[in-house]
Amino acid sequence: MNYQALKSMIENLIKTYKCPECKSSVTEENIDIVWAAWANVNIDVECPKCKKHSMIKSQIIQMNINSIEGLRNSIQNIKNLKSSIKHGINDSEITNLSKDLKSEHINVSDLFEK
Ligand SMILES: [Zn+2]
């Protein structure tokens, strides 16, 4: 469970949630995490006005579509580097390679399901 992703998901929920009965908005106090395992989380929301409960099932997904492509590029770069070593390599090529290897980062997106 990624704490940051969960936190931003709950913040987002507070901002966007409207009670289906009375359209009232909720605060952090009305939100209760009932169950959480791996990337799945069940959240109970109680309306502060009409006390209606809503169960929200959510998945916190961490995915980086670019990472596979990035990894391929990195492997290709290493192959290129190996062949470059045979022919001689300059400093800028090494710098470019380390930049490529550091360019991976994790994108977090939240999906809501009612
Ligand atoms: Zn309500």
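Conventions we followed
Residues numbered from 1 in each chain as written. Predicted model: local features only at pLDDT ≥ 70, side-chain atom pairs only at ≥ 80, totals over all residues. Heavy atoms only, no water. Pairing = 2+ DSSP bridges. Helix = DSSP H or I, 4+ residues; strand = E, 2+ residues; numbered from the N terminus. Donors = N, O, S within 2.8 Å, 3.2 Å for Na, K, Ca; no water. Tetrahedral: all angles 85-135°; square planar, octahedral: opposite > 155°, others 65-115°. Buried < 20%, exposed > 50% of the residue type's maximum accessible area, 1.4 Å probe, protein only.

Okay, the pairing of strand β1 (residues 31-37) next. Sheet topology note: the β1/strand β2 (residues 40-46) ladder contains 6 bridges and is antiparallel. Considered in β2, the bridge of Ala37 is made with Asn40.

Next up on the list: the coordination of the zinc ion. Protein-derived ligands of the zinc ion are Cys19 (SG), Cys22 (SG), Cys47 (SG) and Cys50 (SG), with the metal-ligand distances lying across 2.2 to 2.3 Å. Because the angles between the 4 donor atoms bound to the zinc ion fall within 101 to 119 degrees, the donor set is best described as tetrahedral. Along the chain, the residues that donate to the zinc ion are spaced as C-x2-C-x24-C-x2-C. Placement of Cys22 in the loop between α1 (3-16) and β1 and of Cys47 in the loop between β2 and β3 (53-62) is noted, with a sequence separation of 25 residues between them. Owing to a relative accessible area of 26%, Cys22 belongs among the partly exposed residues under this scheme.

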